[in-house]
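Close look at the chain arrangement
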Amino acid sequence: MEVSDYVRAAFGLERVAVWLAAGVAVAVVVLAVSASGAGIVDPPTASFDGSYDADTHTVTITHVGGDTVSAAQLSLVVTDEAGTNAATVNWSENSSARLAPGGALSLDDPTVDADGDGDYFDADRTVGFPLTAGVTVEVRWTGRPLGAAGAQTVTLDTYEIDPN
């Protein structure tokens, strides 16, 4: 057998066609996943604002502008003034829930029964310590940005309860 026969066997038309087809299949899958957004997204550009009701010890965080966000990818990290107590509250457990500007979530602490019904959990979610001046609430997004090796967490906004 001559050298040209070995080259033809190693790099023959059939092998090139198989490798080309495999490459096209991989490209199609990558493009389909990217287009569908199946877990591969950039961090959203969204802003949030907070308000505090001192009578009820309730903090309300509102999406005030920017991208609509998957609510399941958002969490609120609440830390007391001393930094000794922290609680992480998921915005939503519903993976299909979307949060558009205007959407809000309220948090309360277990020390005030705001509506007098004997149940101290009056807001959407609660934390296990008082919500008073100096407490910070970070709005965090967790997801897998395009090209990232794994999930990342990004702080989108921070609200601090004002002592006044």
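For the structure itself, look to the data block above.
Rules used throughout
Residues numbered from 1 in each chain as written. Predicted model: local features only at pLDDT ≥ 70, side-chain atom pairs only at ≥ 80, totals over all residues. Heavy atoms only, no water. Helix = DSSP H or I, 4+ residues; strand = E, 2+ residues; numbered from the N terminus. Buried < 20%, exposed > 50% of the residue type's maximum accessible area, 1.4 Å probe, protein only. Contact = heavy atoms within 4.5 Å. Areas by Shrake-Rupley, 256 points an atom, 1.4 Å probe, with all protein chains shown as cover. Pairing = 2+ DSSP bridges. Axes fitted to C-alpha atoms, helices over the stretch in contact; angles between N-to-C directions. 1 Å grid on protein atoms, 1.4 Å probe; cavity = no way out; pocket = protein on both sides within 12 Å on 5 of 7 lines; lining within 4 Å. Points joined across faces, edges and corners; volume = space filled by probe spheres on them. Nonpolar A, V, L, I, M, F, W, Y, C, P; charged D, E, K, R; others polar. Core = buried A, V, L, I, M, F, W, Y, C linked by side-chain atoms within 4.5 Å.

The next point concerns the overall build of the chain. Along its length, the chain carries two helices and ten strands. In the chain, which comprises 164 residues, the share counted as buried stands at 30%. Taking contacts inside the chain between residues at least 6 apart in sequence as the whole, the part at least 24 apart equals 55%. Here the chain has roughly 9700 Å² of accessible surface; of this, 55% comes from carbon and sulfur atoms.

Attention shifts here to the sheet that holds strand S4 (residues 74–79). Where strands meet in a sheet, backbone hydrogen bonds hold them as pairs that are either parallel or antiparallel. Spatially, four strands are ordered S5-S4-S9-S10 in an open sheet, and the strand pairing comes out antiparallel. For this open sheet the edge positions go to strand S5 (86–90) and strand S10 (152–160), each flanked by a neighbour on one side alone. Neighbour to neighbour, the strand axes of the sheet diverge by 25 degrees on average, direction disregarded. Here S4 pairs with strand S9 (residues 136–143) via six bridges, running antiparallel. Looking at the pairing, Val 78 lines up with Val 137 of S9.

Summed over the entire model, instances satisfying the criterion amount to one cavity of 30 Å³ or more. In this structure, the largest cavity spans a volume of roughly 40 Å³. Taken together, Phe 48, Asp 49, Gly 50, Ile 61, Val 137, Val 139, Asp 157, Thr 158 and Tyr 159 make up the full set of residues lining the largest cavity. If you list the elements that add at least two residues to the lining of the largest cavity, you get strand S1 (46–53), S9 and S10. Residues of the lining of the largest cavity, tallied by class, amount to five nonpolar, two polar and two charged.

This paragraph deals with the nonpolar core. Core analysis: the biggest nonpolar cluster contains 26 residues, and Phe 48, Ile 61, Leu 74, Leu 76, Val 78, Trp 91 and Leu 131 have the highest contact counts within it. Within the residue set of this core, elements represented by two or more residues are S1, strand S2 (58–66), S4, S5, strand S7 (104–108), S9 and S10. If we ignore the near neighbours within four places in the chain, the residues touching Leu 76 are Ile 61, Ala 87, Thr 88, Val 89, Trp 91, Leu 105, Leu 107, Val 137, Glu 138 and Val 139.

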